[in-house]
Amino acid sequence: MKSSGIGGQAVLEGIMMKYKSEYSIAVRKPNGEITVSRGKCKSISEKSVFFRLPIIRGVVAFVESLMLGMKSLTYSADFYEEEETENRFPKEEKKNNNKENIETICTVVLAIVLAIGIFMVLPFFLSQLLHSVVDSQTALAAIEGVIRIFLFISYISVISLMKDIKRVFMYHGAEHKSINCIENGLELTVDNVRKQSKHHRRCGTSFLLIVMFISIVCFMFIYFENIWLRIGARILLVPVIAGISYEFIHVAGNTENKVLMILSVPGMLLQRLTTKEPDDQMIEVAIASIEEIFDWKDYQRRLRILKERMEERARKKAAGVPKKSRAEIKEELRARERENKLRATEYMRQLKEMEEKEAELERIAEEARKRKEARKAIPLQTDYKDDNLAGLDHYFDRDVKKDAAAKEANGTKKENEVKIINFSDYSKRK
């Protein structure tokens, strides 16, 4: 299954979907209407190659997803806070936006501090209680990791019992189902989405569990005699562990490798707690969020082409068609490159000819314009005097005299003919 590259997050009565540098938030308002908001979130990795390096890009993606997630949660919560404010205090003015932003930042910082304290520092101190019983530091690091995983799973199990969180987990399931529907090549409809699995290998829940496992491995090999250095190392290595976990999730979500699929099983099992079966209205919200930023029809068209190529390769393999060697593939690539260069050269030649023709046409048009302006600059000789025309009178007199002489000659000729005719008649009668 080829990854579509789209990810998301469940929010309060809605879903946020992100694709490349765009994101959309679809929320079902208290009146039942679905409102969709669209925005851009340019990553810092677009500005420098350094932030696109392995491990580093994972840290960047983790921080940016956390910020976008909190922003989306705040946006979705505003719809219900406004309704409660209007119902309880109709005349109360809205809070200042700057104050809300400060409160949001404080909430994010507090959440991060509590997460590090509960899931990183607390397991360390609990494991140190067994220091008198367990001498091996490697065993203590393993026990610390087990305690960390236990606390994490217990935390999720407790909050899943809350009504609001349960609905968020249902939207989480709708998010996974809609993405699975697209990546399985099905049309994005409510009926097709309902049939899909609510688990996905690129889920954030799996990411957090991978972080727990990788932290166990890292802390097994990192040891300081000073207890404060050990605590500081656990805090400072959080970004590194997050970067490694991101690389694992990125590879596991884009391959069908059996080993990676087996390693993804614990995360898929943990999603049983963080995803619930959604209703049709939640699926509609997920579809609205996806269609706002993602052309799933074009993705499925490319998916079909890739599938046809893979099937063609499988048929050739079954028919015993020998597989091309690396040298043959390189030669084909060189031939295609030469052909592309020839096409590019021909295209540039034609483009140059067109430019020359356009320049010639512009030159001709410029000359025609100059000639037209030159003709307009010559004054017309319309102020003729009678003296200038007097010299032409003899031409007109000569033509008149010629016409008169011609008429007189014709009249004389006709009279002579009449006389002849009359004389002959007279001779006959006599």
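Residues numbered from 1 in each chain as written. Predicted model: local features only at pLDDT ≥ 70, side-chain atom pairs only at ≥ 80, totals over all residues. Heavy atoms only, no water.

Undergrad: Provide a residue-level description of the overall build of the protein, including the pertinent values.
TA: When helices and strands are tallied, the protein shows 15 helices and four strands. Within the protein, the fraction of its 430 residues that count as buried is 29%. Looking at the protein alone, contacts between residues at least 24 apart form 69% of all its contacts between residues at least 6 apart. Split by element, the accessible area of the protein, about 29800 Å² in all, is 60% carbon and sulfur. (Helix = DSSP H or I, 4+ residues; strand = E, 2+ residues; numbered from the N terminus. Buried < 20%, exposed > 50% of the residue type's maximum accessible area, 1.4 Å probe, protein only. Contact = heavy atoms within 4.5 Å. Areas by Shrake-Rupley, 256 points an atom, 1.4 Å probe, with all protein chains shown as cover.)

Undergrad: Go over the packing of helix α6 (residues 204-221) against helix α10 (residues 265-274), please, and point to the residues and values.
TA: At a minimum axis distance of 8 Å, the contact between α6 and α10 shows a crossing angle of 125°. The angle between the axes of α6 and α10 places the two elements in the oblique class. For the pair α6 and α10, the crossing hand works out as right-handed. Residues T205, S206, L209 and F213 of α6 form the contact with α10, whose own contacting residues are P266, G267, M268, L270, Q271 and T274. (Axes fitted to C-alpha atoms, helices over the stretch in contact; angles between N-to-C directions. Parallel < 35°, antiparallel > 145°, perpendicular 65-115°, else oblique. Left-handed = near helix turned anticlockwise from the far one by under 90°.)

Undergrad: Before we move on, could you go through the packing of helix α4 (residues 163-183) against helix α12 (residues 296-318) and cite the residues and values that matter?
TA: The interhelical angle for the contact between α4 and α12, taken along N-to-C directions, is 45°, at an axis separation of 9 Å. Judged by the inter-axis angle, α4 sits oblique to α12. Between α4, through C181, I182 and E183, and α12, the contact on the second element is made entirely by W296, Y299, Q300 and L303. The class makeup of the residues in the contact of α4 with α12 is five nonpolar, one polar and one charged. (Nonpolar A, V, L, I, M, F, W, Y, C, P; charged D, E, K, R; others polar.)

Undergrad: Hey, could you go over the pattern of salt bridges for me, with residue numbers and the actual values?
TA: Considering all chains together, one arrives at 25 salt bridges under this definition. When the shortest N-O distance is used, the salt bridge between R38 and E22 registers 2.8 Å. On the criterion of sequence distance, the pair formed by R38 in strand β4 (residues 34-40) and E22 in strand β3 (residues 22-28) is long-range, its members being 16 residues apart. Accessibility expressed as a relative area gives 45% for R38, which makes it partly exposed. The partner of E331 in a salt bridge is R334, with the nearest N and O atoms 3.5 Å apart. (Salt bridge = Lys/Arg side-chain N within 4 Å of Asp/Glu carboxyl O.)

Undergrad: Describe the pairing of β4, with residues and values.
TA: Across seven bridges, β3 lies against β4 in antiparallel orientation. Along β4, the bridge assignment pairs V27 with T35. Linkage of β3 to β4, two consecutive antiparallel strands, is achieved through a turn of five residues, within which G32 is found at a positive phi near 95°. (Pairing = 2+ DSSP bridges.)

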